Amino acid sequence: MKITVKKPSEAEKTEMLSKPIWECGVSEFDWYYDSAETCLLLDGEVVVTYDGGEVSFGAGDLVTFPQGLSCVWKVRKPVRKHYVFG
C-alpha cells in the first residue's frame with residue numbers, strides 16, 4: 001500500500017474545492033482507512049507513518065490514501081482539507 005502526494009492539476013483542484021472540509025489541530029492519532037480517501041490540503045503540515053514508510057505533506061498537496069491502510073497521523077501545523085472517500 002502506498003500513499004501518493006502530488007500537486008493537483010487545475011481540474012483536480014477545482015473538483016476538490018466542492019468537497020466537504022475537515023479541520024484538525026496539532027495532534028497525533030492512529031487512523032484506519034476502510035475506504036480510499038483523496039484530500040486537498042488548504043492549510044497545515046502532516047507526517048503520516050505506515051508500514052510503507054513515512055510521508056510528509058502540506059498546504060497545496062493532493063494526497064491519496066488507499067483502502068485498508070493503517071497509519072499514524074502527526075499533525076504538525078493545524079490542518080484544513082477538502083476530502084472525498086471512495
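As shown above, the structure is provided for reference.
Residues numbered from 1 in each chain as written. Predicted model: local features only at pLDDT ≥ 70, side-chain atom pairs only at ≥ 80, totals over all residues. Heavy atoms only, no water.

### Quick notes on the nonpolar core
Okay, step 1: Counting 17 residues, the largest nonpolar core has Ile3, Val48, Phe57, Phe65 and Trp73 as the members making the most contacts within it.
Okay, step 2: Those elements that provide at least two residues to this core are strand S4 (37-50), strand S5 (53-58), strand S6 (62-65) and strand S7 (70-85).
Okay, step 3: With 5 residues, S4 is the single largest residue contributor to this core.
Okay, step 4: The residues contacting Ile3, other than those within four sequence positions of it, are Val48, Tyr50, Val55, Val63, Thr64, Phe65, Pro66 and Leu69. (Core = buried A, V, L, I, M, F, W, Y, C linked by side-chain atoms within 4.5 Å. Buried < 20%, exposed > 50% of the residue type's maximum accessible area, 1.4 Å probe, protein only. Helix = DSSP H or I, 4+ residues; strand = E, 2+ residues; numbered from the N terminus. Contact = heavy atoms within 4.5 Å.)

### Let's talk about the packing of aromatic side chains
Okay, step 1: A complete count under the given rule lists 9 aromatic pairs for this structure.
Okay, step 2: Look at Phe29 and Trp31: their rings are 6.2 Å apart centre to centre, the planes differ by 85 degrees, and that puts the pair in the edge-to-face class.
Okay, step 3: Residue classification places Trp31 among the partly exposed positions, given a relative accessible area of 41%.
Okay, step 4: Between Phe29 and Trp73, the aromatic rings sit 5.8 Å apart at their centres with planes inclined by 15 degrees, giving stacked as the arrangement. Residue Phe29 is located in strand S3 (residues 27-32), and its partner Trp73 is located in strand S7; the two are separated by 44 residues in the primary sequence.
Okay, step 5: For Trp73, a relative accessible area of 2% corresponds to the buried category. (Phe/Tyr/Trp six-rings, centres within 6.5 Å; stacked < 30°, edge-to-face > 60°.)

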